[in-house]
Structures are given as C-alpha cells and as structure tokens.
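# Descriptive analysis of the structure
Each chain is listed here by its residues.
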Amino acid sequence: MKKIAWLTKRPIAHRGLHDLNKKVWENTLSAASRAVAKNFAIECDVHLSSDRVPVVIHDDDLKRLTGEDGFVWQRTAAELRQLRVGGTKDHVPLLSDLLGLVRRKVPLVVELKGTPGHDDGLVEAVAAQLKDYKGKVAIMSFDHWLIRDFKTYMPEIPAGLTAYGKETKLIEAHFSMLAHDLDFTSYAAGDLPNPFVSFVRERLKMPVITWTIRDKPAIDLTFKYADQMTFEGFDPDKLLG
C-alpha cells in the first residue's frame, strides 16, 4: 500500500469548489480555481471522448451540463471543449487543462467514469496524462473493469474503489476488489458503518474518504467512521472553525 497521508489531510472539494451550479458549475476550471485558492483537494470526474482524450465531466449524457443532445463519447475532445457548461463562460475542460491549472498546488482525486462499450482505453489515456505530472494525485472508480487495469497502466499512482451500499452482495463485491492493490476507498456516507469499511480501515489501515457531504450530521458521521470527506455546498473551514 502506498503512502498517501496527503489524501486525508484536507477536505476534498466534490467536482471542485462549485456553488451547487448557481454561478460556478461543477467540474469546471472556475470550480478548480476556487478550490486551489482555499487549499482544498479536488475530486473530478473523467470520461473518454470519441478520439480517446480524457475529458473532465460527470455525466455521459451532455444535456444537464451543456444543454446539448448526445453523449460525451460521441464528440471529439475539441468539440467538447467548445461546449459551455451551464451557460457560463466555462467550457468543458480536458484533464490536461485541469492539470495545467492545478500545477501541483493541491491534491487531485480523479474518478474514472466507465461507459460500457465506449470506454476502451480510458485507463491507458488517463495514465498517459498523469505520467509526467509531479503533483499529488490519486485515481478511483466505481467500475471494477476499470480498476482491474489500474495496476497495469498506473502502478505507481494511489488507486481507490468508489463504493456504496450495505447489502451483502455489494459488500462481497467490494471485498473482491481488494485483490487489485487498492490504497483507499471512497464510500457513500449514508451507508456507514458497514463491514467492508470497518475491515479496510481497522485491519488494513486503509484510508477511507466519504461522499458526498453536505451538512453537519454527515460531517460527524464521516469522522466517526472514516478519515476525510468529499464535500460540496459549504466551506468546511468556516463550518468547522
């Protein structure tokens, strides 16, 4: 397991430090800039464009974020980069744009978003982007088929499982992923506590971060059963004093 004490040192801004998509939208360079200014780590989501370029956006469907019809995997990186997010001045950024903005100032947690049938090469493409990046960065995913490729293409980068649930079937599936050299897990706060999180944290000494924290009760839950939070909609420094 890699040394990643930095992962839990500061709260992690969920999709950057946006304002719940009022003026500053999620996964934009403006949201990232605000996080950097406040010294928060940044969580972001990455999909693959039609020409196999990692693009920072959460949904595979373009409608909610850009107002356009269609899917991320149907557009080239250049086409996606021209789309405005939420009608603001911000455009859909490439992962390379985000890396260039952050420039090692704060840690990054990159979540790879799989789209069955359209994500071949996603892990390899992200690996190529991160190869020469000198800042603190971790990768994670919900998608087991992507996680299985992490070690092949990015063995040196801390890798995590994004997860949720308390049901036995889900917990067993999470345990099965421990065979793939995980370094941390990012777990839905509402599903704590559970046997998987207790095991990895207490027995394996693996860091656990939570998602997505929006209020004080969820903060309290996080620090009872986990090590750090992925938050949105408030300033943790102000709330926690």
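Quick look at the structure, then. (Residues numbered from 1 in each chain as written. Predicted model: local features only at pLDDT ≥ 70, side-chain atom pairs only at ≥ 80, totals over all residues. Heavy atoms only, no water.)

## A word on helix 5 (residues 122-130)
Taken residue by residue, helix 5 has Leu122, Val123, Ala125, Val126, Ala127 and Leu130 as its buried positions. Residues of helix 5 that are buried sit in contact with strand 2 (41-48), strand 3 (54-56), helix 4 (95-102), strand 4 (108-112), strand 5 (137-141) and helix 6 (144-153). (Buried < 20%, exposed > 50% of the residue type's maximum accessible area, 1.4 Å probe, protein only. Helix = DSSP H or I, 4+ residues; strand = E, 2+ residues; numbered from the N terminus. Contact = heavy atoms within 4.5 Å.)

## Considering the packing of aromatic side chains
We describe a pair of aromatic rings using the distance from one ring centre to the other and the angle between the two ring planes. Counted by the stated rule, this structure contains eight aromatic pairs. Ring centres of Phe175 and Phe196 lie 5.2 Å apart, and the angle between their planes is 90°; this geometry places the pair in the edge-to-face category. Residue Phe175 is found in helix 7 (residues 168-176), and its partner Phe196 is found in helix 8 (residues 195-202); the two are separated by 21 residues along the sequence. Accessibility expressed as a relative area gives 30% for Phe175, which makes it partly exposed. With a relative accessible area of 0%, Phe196 lands in the buried category. On the numbers, 5.5 Å between centres and 55° between planes, the contact of Phe231 with Phe234 is tilted. Feature note: the residues Phe175, Tyr187, Phe196 and Phe199 constitute an aromatic cluster, connected by ring pairs. (Phe/Tyr/Trp six-rings, centres within 6.5 Å; stacked < 30°, edge-to-face > 60°.)

## Regarding the packing of helix 1 (residues 29-37) against helix 4
At a minimum axis distance of 10 Å, the contact between helix 1 and helix 4 shows a crossing angle of 25°. Classified by the angle their axes make, helix 1 and helix 4 are roughly parallel. Relative to helix 4, the crossing made by helix 1 is right-handed. Along its contact with helix 1, which presents Leu29, Ala32, Ser33 and Val36, the element helix 4 presents Asp97, Leu98, Leu101 and Val102. Residue composition of the contact of helix 1 with helix 4, by class: six nonpolar, one polar and one charged. (Axes fitted to C-alpha atoms, helices over the stretch in contact; angles between N-to-C directions. Parallel < 35°, antiparallel > 145°, perpendicular 65-115°, else oblique. Left-handed = near helix turned anticlockwise from the far one by under 90°. Nonpolar A, V, L, I, M, F, W, Y, C, P; charged D, E, K, R; others polar.)

## Section: the nonpolar core
Among the nonpolar cores identified, the biggest contains 54 residues, and Leu108, Leu112, Ile139, Phe150 and Met154 are the most heavily contacted of them. Top element by residues in this core is helix 5. It accounts for six residues. In contact with Met154, other than residues within four places in its own chain, are Val123, Val126, Ala127, Leu130 and Ile139. Counting residues in hydrophobic clusters, the runner-up holds twelve residues, among them Trp25, Leu62, Leu83 and Val85. (Core = buried A, V, L, I, M, F, W, Y, C linked by side-chain atoms within 4.5 Å.)

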